[in-house]
Amino acid sequence: MQSVDHLPPSATAQPASASLNYGGDAAGLICGYLLGADAAPLEIDSAQAAQWLAGQQSGGTTPQGQFLWLHFNLSHAQAVRWMQRHADLPEAFFDALKDRSVSTRIERDDDTLIAVLNDAHFDFAFEPSDIATLWTSVAPHLMVTGRTRALRSVDALRTAVRSGNAPCSSVALLAELMRTQASGLVDIVRGVTQRIDDVEDALLAGRLDHKRARLGVLRRLLVRLQRLLAPEPAALFRLLQHPPAWMGTDDAQELRDSTEEFSVVLRDMQGLQERIKLLQEEIAASVQEANSRSLFVLTVVTVLALPINILAGLFGMNVGGVPLADNGHGFWIIVAVVAAFTAVAGWLTLRDARDR
């Protein structure tokens, strides 16, 4: 078996092709890293990864604690074929890819962990549709992740690994991925909180505009995030009751810690949903009050105009016998009658309004 230090010269003479093409190399590999507790992260391409995995499957020796992280673009036609040919992943992982199931879960398949995680897009714009899924397979010597659209947490983890801050085991890498995901969700919660504060300030200042629509978008976003992420802590706790034999105590503790971070974020999201609901109810009440005032004004105007409309209709009929037609003071008499009826109608309307 060839170790990191004995890869062919071409493996270390040039950077991996994935670093030059964010969409993936010929096998759909976006990035690949050979990691270990006693060595700096080494970026490799799909050919080098296939060579390393072939040696691993043939029973070759590898440095203690060394493992591989491969991240694939599942939109690439060759990604799944490469994994089936070289990675020796469990069938449950490919079933999850085939089903395109997006419900968050972490399951154990023999000695492999199969995880389906959800995260925000790299270009997240606070829209409910800006959520995508990451499929993950974790074994002692290999962690494989795949997605169809660029995700924030994976990009942050990739940056951390490239800078040398790499976990020392595949489970620790999964825990770091989840911790990075939780940090990204915290940023989302802060952004939503700022937008809610702006809407609340506008409401207090009496500038409603289209704030109800904005609140609706934010609430749908939080509901979608919570629905996709809520099963994750419970699934992790079930897994940690019966972990694989190769999972160490420290790794299990890291998973517990990342779960607790998720739980805190989910509680914050629930609190924001309640706050948005209260704001929506207050805005709806304000809109209803404004509509009631407008309807009242319209009713008053209609009532005040009713007497003169009735008399104008009666006296405007082109028939004989119209009263006061020959009276020199007929106009002023009619004005007085209309004014009296208008005053009585206005008084009755305002009295009814005060009684409500």
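Further up the page is the structure itself.
A few points on the structure. As a convention, each chain's residues are numbered from 1 in the sequence order in which they are written. Two thresholds apply to this predicted model, a pLDDT of at least 70 for residue-level local features and 80 or more for giving and counting side-chain atom pairs, whereas whole-chain, interface and lining totals are computed over all residues. Side-chain measures here rest on the full set of heavy atoms in the structure, leaving out hydrogens and waters.

1. A closer look at the packing of helix H5 (residues 152–162) against helix H6 (residues 170–204)
Put simply, H5 and H6 touch, their axes get as near as 8 Å, and they point 125° apart. The angle between H5 and H6 places the two elements in the oblique class. Note on packing geometry: the crossing formed by H5 with H6 is right-handed. Facing Arg152, Ser153, Val154, Ala156, Leu157 and Val161 of H5, the residues of H6 in contact are Leu173, Glu176, Leu177, Thr180, Gln181 and Ile188. Axis angles are defined between N-to-C directions and span 0 to 180 degrees, where every axis is a line fitted to C-alpha atoms and, for a helix, only to the segment in contact. For helices the rule is a DSSP run of H or I covering at least 4 residues; for strands it is a run of E covering at least 2, with both sets numbered from the N terminus onward. Oblique is the label for any angle not covered by the other classes, which are roughly parallel (under 35 degrees), roughly antiparallel (over 145) and roughly perpendicular (65 to 115). A clockwise turn of the near helix away from the far one marks a right-handed crossing, whereas an anticlockwise turn of less than a right angle marks a left-handed crossing. The contact rule is simple, with two residues in contact once any of their heavy atoms fall within 4.5 Å.

2. Considerations on the environment of Val265
For Val265, the location among the structural elements is in helix H9 (residues 249–315). The class for Val265 is buried, based on a relative accessible area of 4%. For the pair Val265 and Ala182, spaced 83 residues apart in sequence, the C-alpha to C-alpha distance is 7.1 Å. With residues near it in sequence (within four places) discarded, Val265 still touches Ala182, Leu185, Val186 and Val189. Throughout, exposure labels follow a simple rule: accessible area from a 1.4 Å probe, protein chains only, divided by the maximum for the residue type, with under 20% read as buried, over 50% as exposed, and the rest as partly exposed.

3. What about the sheet that holds strand E7 (residues 142–147)?
DSSP bridges decide pairing: two strands pair if at least two such bridges lie between them. In space, the seven strands of this open sheet follow the order E2-E1-E3-E7-E6-E5-E4, with mixed pairing throughout. Because the sheet does not close on itself, it has two edges, and the strands there are strand E2 (39–43) and strand E4 (105–109). The mean angle between the axes of side-by-side strands here comes to 15°, regardless of whether they run parallel or antiparallel. Pairing analysis gives eight bridges linking strand E5 (residues 112–120) to strand E6 (residues 131–138), with the strands arranged antiparallel. Counterpart to Ala115 in the pairing with E6 is Thr136. Along the sheet face, helix H2 (residues 46–57) touches strand E1 (29–36), E2, strand E3 (67–73) and E7 and points at about 140° away from the line of E3. Its contacts with the sheet place H5 against E1, E2, E3, E5 and E6, and it is angled at close to 45° to E1.

4. Regarding the pattern of salt bridges
Here a salt bridge means any side-chain nitrogen of Lys or Arg lying within 4 Å of a carboxyl oxygen belonging to Asp or Glu. Scanning the entire structure with this criterion turns up six salt bridges. Among the ionic pairs, Asp197 bridges to Arg275, the shortest N-O distance being 2.5 Å. With a gap of 78 residues between them, Asp197 in helix H6 and Arg275 in helix H9 connect regions that are remote in the sequence. The exposure class assigned to Asp197 is partly exposed, which follows from its relative accessible area of 25%. One salt-bridge network, in which partners are shared between bridges, spans Asp197, Glu200 and Arg275.

5. Quick look at the packing of H2 against helix H3 (residues 79–87)
One way to put it is that H2 packs onto H3 with a least axis distance of 9 Å and a crossing angle of 30°. With respect to H3, the axis of H2 lies roughly parallel. Between H2, through Ser46, Ala49, Ala50, Leu53 and Gln57, and H3, the contact on the second element is made entirely by Trp82, His86 and Ala87. Grouping the constituent residues of the contact of H2 with H3 by class yields five nonpolar, three polar and no charged. The nonpolar class holds Ala, Val, Leu, Ile, Met, Phe, Trp, Tyr, Cys and Pro. Asp, Glu, Lys and Arg form the charged class, and all remaining residues, Gly among them, are polar.

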